[in-house]
Every structure is written in structure tokens, then in C-alpha cells.
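Observations on the model geometry
For reference, the chains in residue letters:
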Amino acid sequence: MSRRSRSDIPVFNLLSIGHRGVGKTVFLAGSYTELLANRQKEGSQFWWLEFRDSQGRENIEGILEYVARTGQYPPPTMKITDFNFALKHRQRQEEKTSCYFRWWDVPGESCNLQNPDFQKMVLSSHGCCVFFNGKALVHNPRYLETIEEPIKQIVAIASLVNQHGLDYPFALIFTQCDLLEPGPISQLQIEANLQPLLARLDAVNAKYQRFYSAIPIVSNQGQYRLKAVGASASIVWLLSELNKTHQFQGQIPLESGLKRSVPANKRSSVASSRKFVPLLLMSSLGLLAVSAALFFAVNGAFGPAQTPEQQLTQQYERILEKDPANFAALTNLADLYIQQKQLDKAIPVLEKIVEQPTKSFDLHFILADIYAAKGDKDREEKVYDRVLAQQANNFDALIKKAVLRVERGDEATAKTLFAKAENIAPTEDLKAQVRSLAQRALK
Ligand SMILES: Nc1nc2c(ncn2[C@@H]2O[C@H](COP(=O)(O)OP(=O)(O)OP(=O)(O)O)[C@@H](O)[C@H]2O)c(=O)[nH]1
Ligand SMILES: [Mg+2]
């Protein structure tokens, strides 16, 4: 297949919404450096951002230079600043441009639908990054009240998108996650506190994905720099979603889409196919999806006879024939099967994955969920036992096994497991949530 010419490469406008000081500018600079660092690591995926104009380069380099010199985060944004990037990818020694995109770095108070500049940005956008302060979501019980306005904006956009059957992805980005306790408890707390918003987004079938961004400043012999983890995945996910949609319906900014009327059932099924996966696990699955989705984005690599998912599936199956324990191929293949709702095929792949030593048990829980969906309680429970054998204090496994024990009529064991989970829960709030769940389950 011939390479795409420059004019065939789509250009997407990404809207960013977030209050003053939530971390939008740090996120942009951090995402840029994170991708750059990945590019320099051998064996990692080669996705990176390139500037399309010198102004953008100067702005970002100015920010990075400020951090390096002062060891401080950059000052607040005073005016809307434009950035034009290319998302590049290296595949088999060949560099390709996956798409171009435009990003506006907006001062917090300009993210307001009364602001004519912001209105224009909304209408010309193809997708949106919504920023929440992860630390405040966990530690400040009043934080949600303070962000009611941006939440209304997101729900309004999502609702219109749904009414018009458009594909308009939202990346929900939790900033400052380096200031939170590592591990699933913080994610659980963010999840719990964000439920009102997620319920509103689900009600209008919004396509969204969560991302946890951590961008501390680190120093090495007096040289400071941003060390970003998890930031760039959201930009890459948004662009891969837009690239997929673009293959079927071209680039439709929000304004043109709203003027048309397309049946709502034409929406992408990827988000809805994942709905059976509990919310807590979505974020980890999403990270797997990024690599697969990005392959889809480089559509020049695929022939027209098969869908990109089918092509990729075959590719991973071939890799596994030669190298059955290839962890990356196993995880990507499992994710692809799940996306294609081929759960019977996903099971043996996940079973192989969970046999391998790991510090993260997310895939174990996905396997357990599939067993649960199939009503296979024995195998579901064996997964929790396997996790608990490796990590006796795994909070998720304790809770899930306790709920299953109740379902299986063994309230005594369930009580012990709930008590253990309550005991290890790190905050009073979470302990109360476990108590309430136990009370409801045990009646
Ligand atoms: N530890 C940590 N602090 C962060 C992170 N991101 C942002 N911050 C803090 O949040 C402050 C604000 O970040 P900015 O990126 O400037 O926020 P903004 O959303 O661009 O804010 P405005 O431009 O004022 O609208 C920074 O000065 C840091 O103190 C992060 O990932 N980790
Ligand atoms: Mg800013």
C-alpha cells in the first residue's frame, strides 16, 4: 500500500478543559517529554510528537528550560496559546506521521462557554481532554462542588454528541497523581468520588477513558526536569480513536457534526464492548488498548480486505506461534479479543498471562470478570485465590472473593474477608465503604 501523502494526513483539534492550576500546561510539556524519553528507550514503542511550527517549539522548550533552571513548575498561562504537533510513529525502520493535531493551552478561567474564543474551540474540536486534580479528588471532599461548571460543560457536549450520533472521545485526566499513595486504593477513591460525573457521562453514552498523570520534577546533579508517567497515553489514545473514526467518516469537527443528523447507533462499539469490565479495571485495560489502537491508527499498514483488528489479531497469533510466552503479544491479543467480544478466545490467552509472575493483578481480575460473566464461579474464585496466594493483602481480591463467598452461601468466610479488607483499607472513608458493602451483602 502506498504511503499517505501529506495532504491525506488528518488534522485534529483537541480541546482541553480544566480549571486554573489543575495542571494543563505541565501535562502538555510532560506528555511531550514522556514520548521523547520513550523514543530514546530501546525496545519501547516509537510514538513521539514533533512540532509543526517554531512558535510551539519555543514555547515548550521555554517551559522545559524554566523547569531545568529553577526546579519550579512553569507560571500560570496568561493567554490562549496554540500548539501544532505531528504524532509520529516508527514502524519497521520507517517513520510515519499518524496525524497532525492542534492543541490550545488555555488559562483556566477561559474554559467557559460564555467566552467566544472558547466557544470557537469547542465547535472546531474533534475530541477533548478534561482535567481533574487527582490529589484534590481524593483529599478534598468539596473539590467536586468547585468543578461543577466544567462538569456541566462536558456533560453538555457529550449529550449533544450522543443526540447527533457523533464520535467524540473524552480523555479524563487525573493530574498530580505522583502526590497520591501508589496503588489501586487511590484509583478506587478517585473512582468513587467521580461516580456522579461518570454516571452522567454513561447516561449519554459518552466515549471516555481515564488516565492517571504523574509529572513530578526530579533532579539529577542540580539539573531539574519533568519526569512524566501516564500523561502522553491520553493524547495518544484520543488521536488513535479519532484516526479510527476518520477512516470511516472523515474529519468532522463538532460544529459540522451537530449540523448533521446521524443515527445514534452508528457510534463506535469499542467503549460499549468494555462495559462488562468493572470500572476500576478500565484504566489498566485502557493502557493495553493504547498500543493496539495505535496500530489501528497507522492505517497505511493494513490492506482493505480485513478490519485492522483482524489484521492485528493475526499478527499477534503468528508471533505467539513462534514465541508462546511473548508477554506483549499475549496482552495485546487478549485486549483485541475482548474488544471483539470473543471472550472464549480471550480466556486461554489471559490464563497464560496470569501464570506469569507479575506485580500487577489487573489482568487477573479481567479474567475473573469473564468467568463471572460466564457464570463459572469455581474458576472465578480460583483467580482470586491465586492473587491472594501471591499477595495476601490484595484489597480487590479480598472484596471480590468476599462477595462471591456470599453468593455461594458461605457468609462466615465472607465476614472474615470483609473484616480483613476493612482492616487494611487506608482511610476511614474507605473502611466505611467496605463496612457498608459488607452490611448490604450479608444483610
Ligand atoms: N506534583 C505535581 N504537581 C503538578 C503536576 N501537574 C501540575 N502540578 C502543580 O499544579 C500547578 C499548576 O499546573 P499548570 O500546568 O500550570 O496548571 P494549568 O492548568 O495550566 O493552570 P492555568 O494555566 O493557570 O490555567 C503547578 O505549578 C504544579 O504545582 C503533577 O503532575 N505533579
Ligand atoms: Mg496553564
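The structure presented is a predicted model; accordingly, all values stated were derived computationally and were not measured. Numbering of residues begins from 1 in every chain and follows the order in which that chain's sequence is written. Chains and ligands are labelled sequentially in the order written, the chains with letters from A and the ligands with numbers from 1. With the structure being a predicted model, the display of local features is reserved for residues of pLDDT at least 70 and the display and counting of side-chain atom pairs for 80 or more, all residues being used for whole-chain, interface and lining totals. Neither water nor hydrogens contribute to the side-chain values; these are computed over all heavy atoms in the structure.

1. Quick word on the overall build of the protein chain
What counts is decided by this rule: Only DSSP runs of H or I reaching four residues or more are called helices, and only runs of E reaching two or more are called strands; each is numbered from the N terminus. Each residue is assigned to one of three classes by its accessible area relative to the maximum for its type, calculated with a 1.4 Å probe on protein chains only: buried under 20%, partly exposed between the two thresholds, exposed over 50%. For this analysis, residues touch if any pair of their heavy atoms sits within 4.5 Å. All accessibility values rest on the Shrake-Rupley procedure with a 1.4 Å probe; residue burial counts only the protein chains present in the view.
Along its length, the protein chain carries 19 helices and nine strands. Counting the 443 residues in the protein chain, one finds 51% classified as buried. Residue pairs in contact within the protein chain that sit at least 24 positions apart in sequence constitute 70% of those at least 6 positions apart. Accessible surface, the protein chain: about 20,600 Å² in total, of which carbon and sulfur atoms supply 51%.

2. A few points about the coordination of the magnesium ion (ligand 2)
Four donors placed tetrahedrally about a metal ideally form angles of 109.5 degrees, and six donors placed octahedrally ideally form angles of 90 or 180 degrees. We count it as follows: Distances decide who is a donor: an N, O or S atom must be within 2.8 Å of the metal, or within 3.2 Å for Na, K and Ca. Water is not included, so sites may look incomplete.
T25 (OG1) and T77 (OG1) make up the full set of protein donors to the magnesium ion (ligand 2), lying at 2.0 Å. In this pair, T25 sits in helix α1 (residues 24–40) while T77 sits in the loop between α2 (54–70) and β3 (81–91), placing the two residues 52 residues apart along the sequence. The same class applies to T25 as to T77, namely buried.

3. Details of the state of the cysteines
Just so we agree on the cut-off: By definition, disulfides here are pairs of cysteine sulfur atoms that lie within 2.5 Å.
Applying the stated criterion to the full structure yields zero disulfides. Lacking any disulfide linkage, C111 is separated from the closest cysteine sulfur, that of C128, by 8.9 Å. Residue classification places C111 among the buried positions, given a relative accessible area of 9%. Here C128 stays unpaired: no disulfide links it, and the sulfur of C129, its closest cysteine neighbor, is 6.7 Å away. A residue is classified by how much of its surface remains accessible, and C128, at 0% relative accessible area, is buried.

4. Things to note about the site of ligand 1
Basically, it comes down to this: Whether a residue is near a molecule or strand is decided by its heavy atoms; if any one of them lies within 4 Å of it, the residue is near. As used in this structure description, the phrase polar contact means that two N or O atoms lie within 3.5 Å; if the pair is within protein, one of them must be able to donate a hydrogen and the other to accept it, and residues adjacent in sequence are counted only when both atoms belong to side chains. Nonpolar residues are Ala, Val, Leu, Ile, Met, Phe, Trp, Tyr, Cys and Pro. Charged residues are Asp, Glu, Lys and Arg, and all others, Gly as well, are polar.
The local shell around ligand 1 holds 19 residues, among which R20, K24, V26, G108 and D178 are the closest. In this structure, G21 approaches ligand 1 through a main-chain N or O atom, which is 2.9 Å from an oxygen atom. Within the contact set of ligand 1, an oxygen atom lies 2.8 Å away from a side-chain nitrogen or oxygen of K24. Burial of ligand 1 by the protein amounts to 86% of the accessible area it has alone, namely 650 Å². Residues belonging to the shell around ligand 1 are distributed by class as follows: nine nonpolar, seven polar and three charged.

5. Structural notes on the nonpolar core
Using the following cut-off: Each nonpolar core is a collection of buried residues, namely Ala, Val, Leu, Ile, Met, Phe, Trp, Tyr and Cys, held together in the definition by side-chain atoms within 4.5 Å.
Judged by nonpolar contacts, the single largest core of 77 residues is most densely connected at L15, F101, W103, F132, F170, L172 and F174. Look past the residues within four positions of F174 in its chain and what remains in contact with it is F132, G134, L137, I190, L194, R210, F211, Y212 and S213. One finds L188, L350, L404 and A425 within the second-largest nonpolar core, a separate group that totals 47 residues.

6. Side note on the pairing of strand β9 (residues 223–226)
The condition is simple: Strands are labelled as partners when DSSP assigns at least two bridges between them.
The sheet contact formed by strand β8 (residues 217–220) and β9 spans four bridges and is antiparallel. Note on β9: the bridge partner recorded for S219 is Y224. What sits between the antiparallel neighbours β8 and β9 is a turn of two residues, in which Q221 has the positive phi angle 50°.

7. Examining the environment of N332
Turning to its location among the elements, N332 is positioned in helix α13 (residues 327–339). Residue N332 is classed as buried on the basis of its relative accessible area, which comes to 9%. A C-alpha to C-alpha distance of 9.8 Å links N332 and V349, two positions 17 residues apart in sequence.

8. What to know about the packing of helix α6 (residues 148–163) against helix α7 (residues 184–203)
Threshold: Here the axes come from fitting lines to C-alpha atoms, over the contacting stretch only for helices, and the angles between their N-to-C directions go from 0 to 180 degrees. For classification purposes, an angle smaller than 35 degrees is called roughly parallel, one larger than 145 roughly antiparallel, one from 65 to 115 roughly perpendicular, and anything else oblique. Each crossing is labelled by how the near helix is turned from the far one, with a counterclockwise turn of less than a right angle marking it left-handed and a clockwise turn marking it right-handed.
It is the contact of α6 with α7, at a shortest axis distance of 9 Å, that shows an interaxial angle of 15°. With respect to each other, α6 and α7 are oriented roughly parallel. Here α6 and α7 pass one another in a crossing that is right-handed. Facing E148, I151, K152, I154, V155 and A158 of α6, the residues of α7 in contact are L197, R200 and L201. When the residues that make up the contact of α6 with α7 are grouped by side-chain class, the tally is six nonpolar, no polar and three charged.

9. Describing the pairing of strand β1 (residues 11–17)
Of all seven residues making up β1, six are buried, and the element is well covered by its neighbours. Pairing of β1 with strand β4 (residues 94–105) involves four bridges; the strand directions are parallel. Each bridged residue has a counterpart across the sheet, and for V11 the counterpart in β4 is Y100. Note that β1 and strand β5 (residues 127–133) share four bridges and pair parallel. Directly across from I17, in β5, lies its bridge partner V130.

10. What to know about helix α16 (residues 377–390)
Note the threshold: In this scheme, a helix's expected span is set at 1.5 Å multiplied by one less than its residue total. Our arc is simply the arc of the directions from the helix axis toward the C-beta atoms.
Along its 14 residues, α16 runs 20 Å from first to last C-alpha, staying within 8% of the 20 Å computed at 1.5 Å per residue. Taken together, the buried positions of α16 are E380, E381, V383, Y384, V387 and L388. One side of α16 holds all its buried residues, which, seen down the axis, span an arc of 150°. In α16, the exposed positions angled more than 90 degrees off the buried face are occupied by K382 and A389. Contacts from the buried residues of α16 go to α15 (362–374) and α17 (395–407).

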